[in-house]
Every structure is written in C-alpha cells, then in structure tokens.
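Take a look at the letters that make up each chain.
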Amino acid sequence: MPKLTFISADGETVKTVESPVGITLMEAARNAGIDSVAGDCGGACICGTCHIYIDSAWWAKVGEPIDIEQATMEFSEHITPHSRLACRIEVTGDLDGLVLRVPPED
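Below, the structure is looked at part by part. Quantities reported herein were computed from a predicted structural model and do not represent experimental measurements. (Residues numbered from 1 in each chain as written. Predicted model: local features only at pLDDT ≥ 70, side-chain atom pairs only at ≥ 80, totals over all residues. Heavy atoms only, no water.)

### Observations concerning the overall build of the protein
Stage number 1. Scanning the protein for helices and strands turns up 3 helices and 5 strands.
Stage number 2. Computed over C-alpha atoms, the radius of gyration of the protein comes to 12 Å, within 12% of the 13 Å expected from 2.2 N^0.38 for 106 residues, which places it in the range of a compact globule.
Stage number 3. Judged by the C-alpha coordinates and their principal axes, the protein covers about 35 × 30 × 25 Å.
Stage number 4. Per-residue burial for the protein yields a buried fraction of 43% across its 106 residues.
Stage number 5. Looking at the protein alone, contacts between residues at least 24 apart form 62% of all its contacts between residues at least 6 apart. (Helix = DSSP H or I, 4+ residues; strand = E, 2+ residues; numbered from the N terminus. Rg over C-alpha atoms; globule rule 2.2 N^0.38 Å. Buried < 20%, exposed > 50% of the residue type's maximum accessible area, 1.4 Å probe, protein only. Contact = heavy atoms within 4.5 Å.)

See the structure below:
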C-alpha cells in the first residue's frame, strides 16, 4: 500500500499512513484520523474543507486541478500554486511517498 505523509499547517505534526489504492486522499486522511482534512461534503468537490498543498516534487504525478476544483478553492484564503482538493486525487501506486501539507484554517 502506498505511504502518504501529512504535515500539519504549523509543521509540528507529521503523520505517515498507508493507504489502499483506489480511494481518494481525502478518504485516506479521514481513515487515518487527520481531522484537518475534513471533507465535509463527502467528496462532492463543493466545500473545500479537504484543501491540501501538494509538495512540488509530486505535482506532475497528481496533475492540475479541474475547473470545478479550482472554483471551489477560490473560497480559501490560503490558496497557492500547489493547492488541490484531496477529494479529487485518487491514491495510486505512483503516489507512494507523497508529501501533503495541510493549509492553515480559513
């Protein structure tokens, strides 16, 4: 199973988890008890509460956000060029070692 590393907004908490292939990063975070990746809408891409930053070394593997994802993220005060919604990224074997940062709360 791919290993994913979640880093808290303050950088003080680092949690590496194993995730099954085929679920989203949001589901992996929720399964691991990472409350700061809430996913309040259940993955419908309408709330933005699963906003994460993808480490630049992994950007090519996760790809660009789609239009609806970009529009949803516009409501965040902490959007960056590395922002994505965890509900839009499926865990694959290629993401083994992925590093994700949780943005500060809006």
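### So, the pairing of strand β2 (residues 14-18)
Stage number 1. The pairing of strand β1 (residues 3-7) with β2 spans 5 bridges and is antiparallel. Opposite Lys-3, over in β2, you have Glu-18 as the bridge partner.
Stage number 2. Connecting β1 to the antiparallel partner β2 that follows it, the hairpin turn spans 6 residues, and Gly-11 within it adopts a positive phi of roughly 80 degrees. (Pairing = 2+ DSSP bridges.)

### Some thoughts on the pattern of salt bridges
Stage number 1. Under the definition given, this model contains 1 salt bridge.
Stage number 2. Among the salt bridges present, the one from Glu-69 reaches Arg-84, with a minimum N-O distance of 2.7 Å. Note that Glu-69 is positioned in helix α3 (residues 67-73) and Arg-84 in strand β4 (residues 83-85), a separation of 15 residues in sequence. Here Glu-69 and Arg-84 have matching classes, each one buried. (Salt bridge = Lys/Arg side-chain N within 4 Å of Asp/Glu carboxyl O.)

### Some points on the nonpolar core
Stage number 1. Residues Leu-4, Leu-25, Val-37, Ile-54, Leu-98 and Leu-100 are the most contacted members of the largest nonpolar core, which totals 30 residues.
Stage number 2. Contributions of two or more residues to this core are made by β1, α1 (25-31), β3 (51-54), α2 (59-62) and β5 (98-101).
Stage number 3. Top element by residues in this core is α1. It accounts for 4 residues.
Stage number 4. Leave out the neighbours within four places in its chain, and Val-37 touches Met-26, Ala-29, Arg-30, Thr-49, Cys-50, Ile-52, Ala-86 and Val-102. (Core = buried A, V, L, I, M, F, W, Y, C linked by side-chain atoms within 4.5 Å.)

### Let's talk about the sheet that holds β3
Stage number 1. As summarised here, the arrangement of the 5 strands in space is β2-β1-β5-β3-β4, forming an open sheet in which the pairing is mixed. At either end of the open sheet lies a strand with only one pairing partner, and these are β2 and β4. Looking at each pair of strands side by side, their axes are set apart by 35 degrees on average, direction ignored.
Stage number 2. Sheet analysis places β1 next to β5, joined by 4 bridges and oriented parallel. The residue of β5 that forms the bridge with Ile-7 is Arg-101. (Axes fitted to C-alpha atoms, helices over the stretch in contact; angles between N-to-C directions.)

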